[in-house]
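Here is what each chain is made of, one letter per residue.
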Amino acid sequence: MPTLNLDSILHRVREYNPDIDEGMVRKACDFCATLHKDQFYQPGIPQLHHLLDVVEILVQLKVDETTLLLGFLHDIPTASDTASAELKAEFGNTIFELVSTGHRISQIPYRNSSQKQVENFRKMFISMARDLRVVLVNLADRLCMMRTLQSLAPEKQMQISRETLEIYAPLANRLGISWLKGELEDLSLRSLEKEKYEELSSRIFSQKDERERYVARVKEELRELLKGNAVQGKVSGRSKHLYSVYRKMERSGVGLEDIYDLTAFRILVVSIAECYAVLGLVHATWKPIPGRFKDYIAMPKSNLYQSLHTTVVGPFGERMEVQIRTHEMHRIAEDGVAAHWKYKEGGAVSATGRDDQRFSWLRHLLEWQQDVSLSQDSSDASLIDLFPEEVYIFTPGGDVKELPKGATPIDFAYAIHSDVGNQCVGARINGKHCPLRTELHNGDIVEIQTQTSHQPSKDWLNFAKTSKARNKIRQFVKEEQREKSLELGRELFEKELRKSQYSLKRAQQLEGFRQGIDDLGFKSFEDVLAAIGYGKLTAGQLVSQVLPKSEISSSPPVKSSSLSKVLGKITGRKRSTSAIRIDGIDDVMVRFANCCNPLPGEKVIGFITRGQGLSVHAFDCAQAQASDPQRLIEVEWDIEKVTSRVIKIRVFCNNQKGMLVAISGAITSADANIVSASVHSTEDKGGMNLFEIEAVNLDHLNRVIREIKKIRGVYRVDRIRI
């Protein structure tokens, strides 16, 4: 084991975290040395050397102890039962979960696609990681990979570099880790645009000596400027990253000789007031370029970056960028999120005091989610859920679909295409057949199975989450119900016409046929037939509008109402009486919906069903409100009829002697009959009792509940709607 390297790492860690548990870090290193013995990361690079390189990068980010351990352990195969057991036993469940999360992310089948797909992939990456420590280890691991990339095949180099440029570099940028972002971009350019990279680096390197002399001269002039005005500051200068120069050349369509601001200088001072004072000195010394001044101190970036940026015409007429910031601003600019962490005893990560405000940057993190919150009560500020309301799902081809949390394969199918949703008959999630109501999770690969002749089911509304899926299902159900209503309306109308010796074809040829439909307020003949099928209009009413008065049959009226006929036609069953009245009709077959189990005294609404007569729901019942509005009909309770209905109630109470007798007595004293009762004990020494009672109306039920609540030891009574 390269002990020297580890000792150097621990020395650097002690500089920012003196409370580090060195024994635990050495234990992780020894554990990996044994587990990865004789294993190679890439040809010529032992696996342990790679892990030490990852940890060195993490130390540069000044991470906590847990992240360092994760840096060593992140490549352990958690799929192995033996390795998993050892990992848990030696380092605990938290480390095991973090390592497992990292492995799940590594299995994401990234595919270069549209900007939308790339954006969804980034969001899914963060959502799956959930813990920022996993993100930081992934970034460090990716940087190590890019540094040794040239040992791989050219095709593999390009694939990894494209992924790095589209996912990892922007991620490092949003986290505010500028040096890591710059190196990832330069290394990606080396593989993606090899010739341009070599030409650019060669030309810039050929000017290296001249450039270094220029930088040294400007740095000295800036130091003299500060000293002459009694300002204590630190001055540094550097050439811009190759990728930054390359992008500027590509955007502007110019050559390297036309890029004037290849160098940037940074001045670090003590206070904000000195930042603005130095800005004035720089502008007084060199002419500023109009439109090139940016004040990120007054208006910080979303990742907390603060600095003054200005471009001026420096010595020899060459443009140069000058950045002015405080030492604290520089620490945040270089280390990003790691700069905000405070280290407590035991290595826990927390956000306290001023850091609570700094973590507000999470509200804008990645600019991919607008509603991100971080609990200040959490003892672990790195553990966050950045996208709690979204999941990101893969198609077998590698495209990413963004869906709401709780989404199912039905939502995924409609997200692909309406026809795929309509014809969905099954789904395979990660290669396994699963029910269509299965909840999807981040990173799932979903394959939808379709059948051309298949049609959506109304039951899908019970678990579909997206508005697109629900609207498409409702649309199909409504069209299907309309077709059935058209068929029924046509049949009833033709039957009514036959009483007057008319056929449908003959009636449609009458001069007043169209006018009769208009007079009834319908736009088309199909609309009026559907209204008859829905029970909103009688066939007799239409006949009386379209046939000449002299030719309408004067058959004696039947006792049954037209609506009752419609309901009878739909149900095909014998009618029965109930406590429900529909416009004075009391011979309609009625059933009460189990979903809301309404009682007399509650506002109700009826729904015309096929085969089951009229279904009565509570007016605010969600299932009724989601039904086809053309099948809803106003109903009311018949107050002259007194009937009782069986209602279920749940009583929560203390588990004490005589409680069941007391509850039964309260129900009886409220003039209610107990149909059934069951008693259950709970783990917290309580009782949960279920009763089925007969209640006459809502007032009666409320009286029963009030009597039960009077009993000492009863703390909750709920009505159960099935």
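Residues numbered from 1 in each chain as written. Predicted model: local features only at pLDDT ≥ 70, side-chain atom pairs only at ≥ 80, totals over all residues. Heavy atoms only, no water.

(A) Region of the structure containing the overall build of the chain. The helix and strand inventory of the chain stands at 26 helices and 25 strands. The buried share of the chain, taken over its 722 residues, is 48%. A fraction of 65% describes how many contacts in the chain between residues 6 or more apart in sequence connect residues 24 or more apart. A total accessible area of about 36,200 Å² is found for the chain, and carbon and sulfur atoms account for 48% of it. (Helix = DSSP H or I, 4+ residues; strand = E, 2+ residues; numbered from the N terminus. Buried < 20%, exposed > 50% of the residue type's maximum accessible area, 1.4 Å probe, protein only. Contact = heavy atoms within 4.5 Å. Areas by Shrake-Rupley, 256 points an atom, 1.4 Å probe, with all protein chains shown as cover.)

(B) View of the sheet that holds strand E19 (residues 614-618). Spatially, E17-E19-E18-E20 is the arrangement adopted by the four strands of the open sheet, whose pairing is mixed. Across the chains shown, the open sheet's two edge strands, defined by having one partner strand only, are strand E17 (590-592) and strand E20 (632-634). Between one strand and the next, the sheet's axes are offset by a mean angle of 35°, whatever the strand orientation. Summarising the sheet, E17 and E19 pair through three bridges and their orientation is parallel. Bridge pairing in E19 places valine 590 opposite leucine 614. (Pairing = 2+ DSSP bridges. Axes fitted to C-alpha atoms, helices over the stretch in contact; angles between N-to-C directions.)

(C) A look at the nonpolar core. In terms of nonpolar packing, the biggest core is built from 60 residues, with Leu58, Leu68, Phe72, Leu73, Leu87 and Leu180 touching the most fellow members. For this core, the elements supplying multiple residues, two or more each, are helix H1 (3-16), helix H2 (22-35), helix H3 (47-60), helix H4 (65-73), helix H5 (81-106), helix H7 (132-147), helix H8 (154-174) and helix H9 (178-192). The leading source of residues in this core is H7, at 11 residues. When sequence neighbours within four positions are dropped, the list of residues in contact with leucine 58 reads Val63, Thr67, Leu68, Gly71, Leu136, Val137 and Ala140. Membership of the second largest hydrophobic core comes to 24 residues, among which are Val215, Leu226, Val278 and Leu281. (Core = buried A, V, L, I, M, F, W, Y, C linked by side-chain atoms within 4.5 Å.)

(D) Representation of the packing of aromatic side chains within the structure. Across all of its chains, the model carries six aromatic pairs by this definition. Seen in terms of ring centroids, phenylalanine 493 and phenylalanine 525 are 6.0 Å apart; in terms of plane orientation they differ by 65°. Their pairing is edge-to-face. With phenylalanine 493 in helix H18 (residues 467-498) and phenylalanine 525 in helix H21 (residues 525-534), the pair connects residues that are 32 residues apart, well separated along the chain. Phenylalanine 525 shares its class with phenylalanine 493; the two are buried. Taken together, a centroid distance of 5.6 Å and an interplanar angle of 10° make the contact between phenylalanine 592 and tryptophan 637 stacked. Of the two residues, phenylalanine 592 sits in strand E17 while tryptophan 637 sits in strand E21 (residues 636-637), which places them 45 residues apart along the sequence. Like phenylalanine 592, the residue tryptophan 637 is buried in the burial classification. Each residue in the set Phe493, Phe513 and Phe525 is aromatic and connected to the rest through ring pairs, giving one cluster. Taking NZ or CZ as reference, lysine 27 lies 5.3 Å from the ring centre of phenylalanine 91, over its face. A cation sits over an aromatic face here: lysine 603 above phenylalanine 619, 4.1 Å from the ring centre. (Phe/Tyr/Trp six-rings, centres within 6.5 Å; stacked < 30°, edge-to-face > 60°. Lys NZ or Arg CZ within 6 Å of the ring centre and 35° of its normal.)

(E) Focus on unusual backbone geometry. Notably, aspartate 38 is not glycine yet its phi reads approximately 65°, a positive angle. For aspartate 38, the location among the structural elements is in the loop between H2 and strand E1 (40-42). Overall, aspartate 38 belongs to the exposed group, its relative accessible area being 68%.

(F) Region of interest: the pairing of strand E8 (residues 319-326). For E8, a buried count of seven out of eight residues is recorded, marking the element as mostly surrounded by other parts of the structure. Alignment of strand E4 (residues 263-269) against E8, held across six bridges, turns out to be parallel. Bridge pairing links valine 269 to threonine 326 in E8. Across six bridges, the pairing between strand E7 (residues 308-313) and E8 is antiparallel. Note that in E8 the partner of valine 312 across the bridge is methionine 320. Hairpin connection from E7 to E8: five residues lie between these consecutive antiparallel strands, with phenylalanine 316 at a positive phi of about 60°.

(G) Layout of the pattern of salt bridges. All chains considered together, the criterion is met by 17 salt bridges. Put simply, aspartate 518 and arginine 514 hold a salt bridge, and the shortest N to O gap is 2.7 Å. One end of the pair is aspartate 518 and the other is arginine 514, both in helix H20 (residues 513-519) and four residues apart, which spans about a single turn. With a relative accessible area of 37%, aspartate 518 lands in the partly exposed category. Note on arginine 514: relative accessible area 37%, which makes it partly exposed. (Salt bridge = Lys/Arg side-chain N within 4 Å of Asp/Glu carboxyl O.)

(H) Spotlight on the sheet that holds strand E14 (residues 432-434). Here we have three strands laid out as an open sheet, ordered E14-E13-E15, and antiparallel in their pairing. Each edge of the open sheet carries a strand with a single partner, namely E14 and strand E15 (446-450). Within this sheet the neighbouring strands show an average axis-to-axis angle of 35°, counted without direction. Where strand E13 (residues 424-429) and E15 come together, five bridges link them in antiparallel fashion. Bridging from a neighbouring strand, glycine 426 pairs with glutamine 449 of E15.

(I) Quick look at the packing of H3 against H7. Where H3 meets H7, the closest approach of the two axes is 9 Å, and the angle between their N-to-C directions is 125°. One way to sum up the angle between H3 and H7 is to call them oblique. For the element pair H3 and H7, the recorded crossing hand is right-handed. Residues His50, Asp53, Val54, Ile57 and Leu58 of H3 form the contact with H7, whose participating residues are Leu136, Val137, Ala140, Asp141, Leu143, Cys144 and Arg147. Here the contact of H3 with H7 is composed, by residue class, of eight nonpolar, one polar and three charged. (Parallel < 35°, antiparallel > 145°, perpendicular 65-115°, else oblique. Left-handed = near helix turned anticlockwise from the far one by under 90°. Nonpolar A, V, L, I, M, F, W, Y, C, P; charged D, E, K, R; others polar.)

(J) Inspection of helix H25 (residues 659-669) at higher detail. Buried residues of H25: Met659, Ile663, Ala666 and Ile667, and no others. Looking down the long axis of H25, one finds its buried residues gathered within 100° of arc, a one-sided arrangement. In H25, those exposed residues whose orientation departs by more than 90 degrees from the buried face are Val661 and Thr668. Where H25 terminates, the next one or two residues include aspartate 671, which has phi positive at roughly 60°. (Arc of directions from axis to C-beta.)

(K) A look at the environment of serine 188. Tracing the backbone shows serine 188 in helix H9. It is 6.3 Å that separates the C-alpha atoms of serine 188 and leucine 165, two residues lying 23 residues apart in sequence. If near-sequence neighbours (up to four positions away) are discounted, serine 188 is found in contact with Met146, Ser161, Thr164 and Leu165. In terms of polar contacts, serine 188 uses its side chain to reach the backbone carbonyl oxygen of serine 161, at 3.4 Å. (Polar contact = N/O pair within 3.5 Å; in protein donor to acceptor, adjacent residues only side chain to side chain.)

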